[in-house]
Amino acid sequence: MATFQLDINNSKHKVEVAEGTSLLWVLREHLGLTGTKYSCGIGQCGACMVHIDNQPVRACLLQVDNYADGQKIKTIEGLSQNCDHPVQRAWIEAQAPQCGYCQSGQIMQAVALLENNPNPTREEIKTYMNGILCRCGTYLRIIKAIELAAKTPTSIEN
């Protein structure tokens, strides 16, 4: 076992796990941050999306060893304390989720999009969100939620 210090949601966490342990398992099983979901385990679906240094990445593919050097990791739990991030509010208003399983990955990807492009076109939204799978097929509601969030007067914060 090795000890790793991680910066997650602006808090320091020390974990003792085997080298090579997936960041996803550390988040879920060792730190109780279960908003980040396990689905495919091969980086194809996006349910495990987190931000590392403000970039969206798939946690199931990452080894914790590579992210214990001060990188800032943000999970869905780190967006807001009361589910009042503009994207989360838009998700509720648009009634985007059906089963909800993929939604944390969808939201994290949407936040990254709006941080980099606060006023995306519908085509830009489709392109950026491509690859984050929704088994229920709520893509039109997801697009609507992103369009709503982009119109929110409150700016998207890192």
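A quick note: this is a predicted structure, and the numbers were derived from the prediction, not measured.

1. Description of the domain arrangement of the protein chain
Part 1: Entries for the protein chain in the domain assignment read domain 1 (2-77) and domain 2 (86-153).
Part 2: A C-alpha centroid distance of 22 Å is found between domain 1 and domain 2.
Part 3: Of the residues lining the interface, 18 residues belong to domain 1; the matching set on domain 2 comes to 15 residues.
Part 4: Among the residues domain 1 hides against domain 2, the three largest losses belong to Met49, His51 and Ile76. Together they make up 36% of the total.
Part 5: In this assembly, domain 1 and domain 2 are joined by zero salt bridges.
Part 6: On the surface where domain 1 and domain 2 come into contact, there are five residue pairs in polar contact (both at pLDDT 80 or more).

2. Examining the packing of helix H2 (residues 86-94) against helix H5 (residues 139-151)
Part 1: For the pair H2 and H5, the least separation of the axes is 8 Å and the interaxial angle reads 130°. Taken as axis vectors, H2 and H5 run oblique relative to one another. Relative to H5, H2 is oriented so that their crossing is right-handed. Residues Pro86, Val87, Ala90, Trp91, Glu93 and Ala94 of H2 form the contact with H5, whose own contacting residues are Arg141, Ile142, Lys144, Ala145, Ile146, Leu148 and Ala149.
Part 2: Here the contact of H2 with H5 is built from residues that sort into 10 nonpolar, no polar and three charged.

3. Focus on a nonpolar patch on the surface
Part 1: Together, Trp25, Tyr38 and Tyr101 give the surface a local cluster of nonpolar side chains, amounting to about 290 Å² of exposed area.
Part 2: Relative to the helices and strands, Trp25 resides in helix H1 (residues 23-30).
Part 3: Since its relative accessible area comes to 35%, Trp25 is described here as partly exposed.

4. What about the pattern of salt bridges?
Part 1: A complete count under the given rule lists four salt bridges for this structure.
Part 2: A salt bridge links Lys12 to Asp7; the shortest N-O distance between them is 3.2 Å.
Part 3: A relative accessible area of 57% means that Lys12 is categorised as exposed.
Part 4: For Asp7, a relative accessible area of 5% puts it in the buried group.
Part 5: The residue Glu123 makes a salt bridge to Lys126 at a minimum N-O spacing of 3.5 Å. With a gap of three residues between them, Glu123 and Lys126 both fall in helix H4 (residues 122-129), about one helical turn apart.
Part 6: What makes Lys126 partly exposed here is its relative accessible area of 39%.
Part 7: Through salt bridges with shared partners, a single ionic network connects Asp7, Lys12 and Lys72.

What counts and how
Residues numbered from 1 in each chain as written. Predicted model: local features only at pLDDT ≥ 70, side-chain atom pairs only at ≥ 80, totals over all residues. Heavy atoms only, no water. Domains from an automatic or database assignment. Contact = heavy atoms within 4.5 Å. Buried area = accessible area lost by both parts, 1.4 Å probe. Salt bridge = Lys/Arg side-chain N within 4 Å of Asp/Glu carboxyl O. Polar contact = N/O pair within 3.5 Å; in protein donor to acceptor, adjacent residues only side chain to side chain. Axes fitted to C-alpha atoms, helices over the stretch in contact; angles between N-to-C directions. Helix = DSSP H or I, 4+ residues; strand = E, 2+ residues; numbered from the N terminus. Parallel < 35°, antiparallel > 145°, perpendicular 65-115°, else oblique. Left-handed = near helix turned anticlockwise from the far one by under 90°. Nonpolar A, V, L, I, M, F, W, Y, C, P; charged D, E, K, R; others polar. Patch = residues over 30% accessible without salt bridge, like charges linked within 9 Å, V, L, I, M, F, W, Y side chains within 5 Å. Areas by Shrake-Rupley, 256 points an atom, 1.4 Å probe, with all protein chains shown as cover. Buried < 20%, exposed > 50% of the residue type's maximum accessible area, 1.4 Å probe, protein only.

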